[in-house]
Every structure is written in structure tokens, then in C-alpha cells.
Amino acid sequence: MRERKVLTVYAIPEVAELPDHLLYHLLLTSEAVERLRPTTWEIPLHGDTTTPDAYLLFPWGEALLEVDTGHYSPEAVRTKLRTFRKPLYWVTLSPERLTWALRLSRGLHSDLRPLLLAPPE
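The structure contained in this document is the topic of the report that follows.

Cut-off values and rules
- Residues numbered from 1 in each chain as written.
- Predicted model: local features only at pLDDT ≥ 70, side-chain atom pairs only at ≥ 80, totals over all residues.
- Heavy atoms only, no water.
- Helix = DSSP H or I, 4+ residues; strand = E, 2+ residues; numbered from the N terminus.
- Buried < 20%, exposed > 50% of the residue type's maximum accessible area, 1.4 Å probe, protein only.
- Contact = heavy atoms within 4.5 Å.
- Polar contact = N/O pair within 3.5 Å; in protein donor to acceptor, adjacent residues only side chain to side chain.
- Salt bridge = Lys/Arg side-chain N within 4 Å of Asp/Glu carboxyl O.

## A short note on the side chain of T29
Along the chain, T29 falls in helix α2 (residues 20–36). When its relative accessible area of 2% is taken as the criterion, T29 is described as buried. The contact partners of T29, leaving out residues within four places of it in the chain, are I43, D53, A54, L65 and V67.

## Some words on the environment of R113
Looking at the secondary structure, you find R113 in strand β5 (residues 112–116). Sequence separation of R113 and V91 is 22 residues, and the distance between their C-alpha atoms is 8.6 Å. Setting aside chain neighbours within four positions, we find R113 in contact with W60, P87, L88, Y89 and W90. Among the polar contacts listed, one links the side chain of R113 to the side chain of D111, at a separation of 3.0 Å.

## A short note on the pattern of salt bridges
Going through the model one piece at a time under the given rule, you end up with 8 salt bridges. The partner of E31 in a salt bridge is R35, and the shortest N-O contact between them spans 3.5 Å. Of this pair, E31 and R35 both sit in helix α2, separated by 4 residues, roughly a single helical turn. Look at R35 and you get partly exposed, because its relative accessible area is 42%. One salt bridge connects E66 with K80, and the closest N-O pair in it is separated by 3.0 Å. A residue pair is termed long-range when its members are at least 10 positions apart, and E66 in strand β3 (residues 61–68) and K80 in helix α3 (residues 74–83) qualify at 14 residues. Both residues of the pair, E66 and K80, count as buried. Connected via shared salt-bridge partners are E75, R78 and R82.

In C-alpha cells form, the structure reads like this:
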């Protein structure tokens with residue numbers, strides 16, 4: 001039998017109030033930060049087209065992180081790529097979605113760094 005991971009969510013008021021789709025987004029953001037292992041990071045609880053999902057600091061400098069669960073329109077992605085001028089890790093669960101975002105980024109000459117996550121089980 002395969003071992004399953006158990007996720008414990010503590011009742012932090014800001015997190016406890018979030019709807020399921022935002023909790024899922026937060027989970028994916030946390031997974032990406034864990035995988036990238038920056039020196040320090042900050043994950044805002046409420047993002048928008050001008051706020052990345054995470055701010056990252058590495059020994060080599062700053063970067064941003066954006067999680068794409070497949071709902072962004074092409075214009076929303078372009079807005080994010082134009083706004084986030086630091087190196088940007090683009091995180092998704094879909095190889096096709098990652099290819100699509102990379103294609104959009106080429107025309108904008110943005111520093112997009114792809115990161116493909118496996119869907120949580």
C-alpha cells in the first residue's frame with residue numbers, strides 16, 4: 001500500500017477564511033517555494049494581476065513566482081509578464097499550459113522560468 005501525505009492546516013484567521021480554490025492556489029505556491037528553496041520568501045494571501053503569488057530572495061538576487069492553474073486569459077498572462085519585471089517562475093500543473101505561457105513570454109522578452117509541478121494526490 002502506498003503511503004499518503006497528510007496536510008495539517010492550522011486555524012490562522014487569514015487562511016481559515018479563504019475559499020477552497022484559493023487554498024489550493026496557496027498549496028501549489030507553497031509546494032513551488034519548497035522546491036525552489038529560496039533564502040527567504042513571502043507569500044501574499046491575496047494576489048491580483050499586479051501582485052505575484054510569492055516574492056523570493058536567492059543568493060543571486062530577487063525573483064517572483066506565479067501559479068497558473070489554467071484560468072488566466074492570454075491578456076492576463078501578458079499583463080503579469082509586463083508587470084513582473086524580475087525573473088519570474090511560472091508554475092503550472094500542465095505541460096501544455098507551460099508551453100503556452102512560454103510562447104506568450106517570448107514576444108515580451110520577459111525572463112520567464114518554467115516550473116512544472118505534479119498534481120497533488
